[in-house]
Amino acid sequence: MDEYIYSQSVHKDFHGIMNYLIKYLRENHGEKHLESFFKEASAYIYKPLIERVKKNGLIEIKKHLERTFSMEDGKFDLDYEENKLVFNVKKCPAIWHMKDKKLEIDKEFCKISTEIVSAVVAKECGYYFSVEYDQENGKCIQKFWKEEK
Amino acid sequence: MYSEILEGGKIMISANEFILFYNELFKYLDKNFGKKEVEKLWEGIKNTYCKKIEKLVKEKGLKGMNEYWTHTLSEEGGRYKLTLTDDEFIIDMHYCPSMGKLLNTHVEPYKDYCGHCPALYVDPIEKYGFKVDYYIISRDKGECRMHVRKEQKT
């Protein structure tokens, strides 16, 4: 991400609108466009981060996740080695914000955020990606890794 | 005559990358389906997310608008002046926090990004006997003005 993003505070209500946009895209334009949009948008929006990862490795994803989740008071653990990163989300700020506001969370909110968005970033950087998520409880475990040659 | 002026200058940003995805969705819909689909999205957001401002305008009029934007802009940031008198409510946006996010990253703003604000806010306000004039002064600087006054009865 551009450095400017990390120097700012957050307005969490936008998680609710993001949730709405996911539902809107699916209902009005179908799953194909929902997936297509998030893949295209992620590759473009995360371009600076992708470039940094290509240059410096997984440490850049680690820094990005630490900064982003800390800004929003998320709870997480990070297990990092040179070619492997395990991001264990114990309390997702987006899910819990929407629960606090009693919003109906889209069934694919976590899928879009992790399986699609994070996967695009990983792939663009040349890393493998997997995720196990528990949307109901706002938890997930995301793994980024490179195969040893 | 009652008047109140609030000036804000704190720079804050929305939840992570939301504004960037928001902007990209406008571009995606325009490219694939045309501007009318972007306007339809804005209509949907207005009908879903502008109930709070509508309620405040209905119950408190100009003071309700001042209350809404005092809270919202204090969270979102930017540089602005809010003016409230007995007859008018004005937002002088000198640096929009939303457009500012786009201007400070590599992301190209949608050609009519600024159009989403009047699309969201004019109807809920004019519904209750007010007239709204929106002026996009400079998209490149994130500068605009929203001027609300009581509708003249003829």
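Keep in mind the model is a prediction, meaning the values are calculated, not measured.

Asks: Account for helix α2 (residues 35-49) of chain B, with residues named and values stated.
Replies: With 15 residues, α2 of chain B should cover 21 Å at 1.5 Å per step; its first-to-last C-alpha distance of 21 Å lies within 8% of that length. Among the residues of α2 of chain B, Glu37, Val38, Leu41, Trp42, Gly44, Ile45 and Lys46 of chain B are the ones counted as buried. Its buried side turned inward, α2 of chain B meets α2 (14-45) of chain A together with α1 (18-33) and α5 (116-126) of chain B.

Asks: Before we move on, could you go through the packing of α2 of chain A against helix α5 (residues 93-100) of chain A and cite the residues and values that matter?
Replies: Residues and elements named next belong to chain A. Running from N to C, α2 and α5 point in directions that differ by 95 degrees, and their axes come no closer than 9 Å. It follows from the interaxial angle that α2 and α5 lie roughly perpendicular. Counting all contacts with α2, which are made through His15, Gly16 and Asn19, the residues of α5 involved are Pro93, Ala94, His97 and Met98. Among the residues making up the contact of α2 with α5, the classes are represented as three nonpolar, four polar and no charged.

Asks: Describe the sheet that holds strand β4 (residues 139-145) of chain A, and please don't skip the residues or the numbers.
Replies: Residue and element names in this part refer to chain A. The four strands lie next to each other as β1-β2-β4-β3, forming an open sheet whose pairing is antiparallel. In this open sheet, the two strands that pair with only one neighbour each are β1 (75-81) and β3 (128-134). When the angles between neighbouring strand axes are averaged without regard to direction, this sheet yields 10 degrees. Contacting β1, β2 (84-91) and β4, helix α4 (residues 59-71) runs over the sheet at an angle of about 170 degrees to β1.

Asks: So what's going on with the nonpolar core? Which residues, and what values?
Replies: In terms of nonpolar packing, the biggest core is built from 85 residues, with Phe38 of chain A together with Trp69 and Phe89 of chain B touching the most fellow members. The element best represented in this core is α2 of chain A, accounting for 13 residues. Each residue touching tryptophan 69 of chain B, except ones within four places of it in the same chain, is listed here: Ile53, Ser74, Leu82, Phe89, Ile91, Tyr121, Ile125 and Met146 of chain B.

Asks: Hey, could you go over the packing of aromatic side chains for me, with residue numbers and the actual values?
Replies: Within the structure shown, the criterion is met by 21 aromatic pairs over all chains. With a centroid separation of 6.0 Å and 40 degrees between ring planes, the pair formed by tyrosine 20 of chain A and tyrosine 24 of chain A is classed as tilted. With a gap of four residues between them, tyrosine 20 of chain A and tyrosine 24 of chain A both fall in helix α2, about one helical turn apart. On the basis of an interplanar angle of 85 degrees and a centroid distance of 6.4 Å, the ring pair of tyrosine 22 of chain B and tyrosine 113 of chain B is categorised as edge-to-face. Of this pair, tyrosine 22 of chain B sits in helix α1 while tyrosine 113 of chain B sits in the loop between α4 (97-103) and α5, and the two are 91 residues apart along the sequence. As far as burial versus exposure is concerned, tyrosine 22 of chain B and tyrosine 113 of chain B are alike and both buried. Counting every residue linked through ring pairs, the aromatic cluster contains Phe18, Tyr22, Phe26, Trp42, Tyr110 and Tyr113 of chain B. Lying over the aromatic face of tryptophan 96 of chain A, lysine 99 of chain A brings its terminal NZ or CZ to 5.3 Å of the ring centre. If you follow lysine 146 of chain A out to its NZ or CZ, it ends over the ring of tyrosine 127 of chain A, 4.6 Å from the centre.

About the thresholds
Residues numbered from 1 in each chain as written. Chains lettered and ligands numbered in written order. Predicted model: local features only at pLDDT ≥ 70, side-chain atom pairs only at ≥ 80, totals over all residues. Heavy atoms only, no water. Helix = DSSP H or I, 4+ residues; strand = E, 2+ residues; numbered from the N terminus. Expected span 1.5 Å × (residues − 1). Buried < 20%, exposed > 50% of the residue type's maximum accessible area, 1.4 Å probe, protein only. Contact = heavy atoms within 4.5 Å. Axes fitted to C-alpha atoms, helices over the stretch in contact; angles between N-to-C directions. Parallel < 35°, antiparallel > 145°, perpendicular 65-115°, else oblique. Nonpolar A, V, L, I, M, F, W, Y, C, P; charged D, E, K, R; others polar. Pairing = 2+ DSSP bridges. Core = buried A, V, L, I, M, F, W, Y, C linked by side-chain atoms within 4.5 Å. Phe/Tyr/Trp six-rings, centres within 6.5 Å; stacked < 30°, edge-to-face > 60°. Lys NZ or Arg CZ within 6 Å of the ring centre and 35° of its normal.

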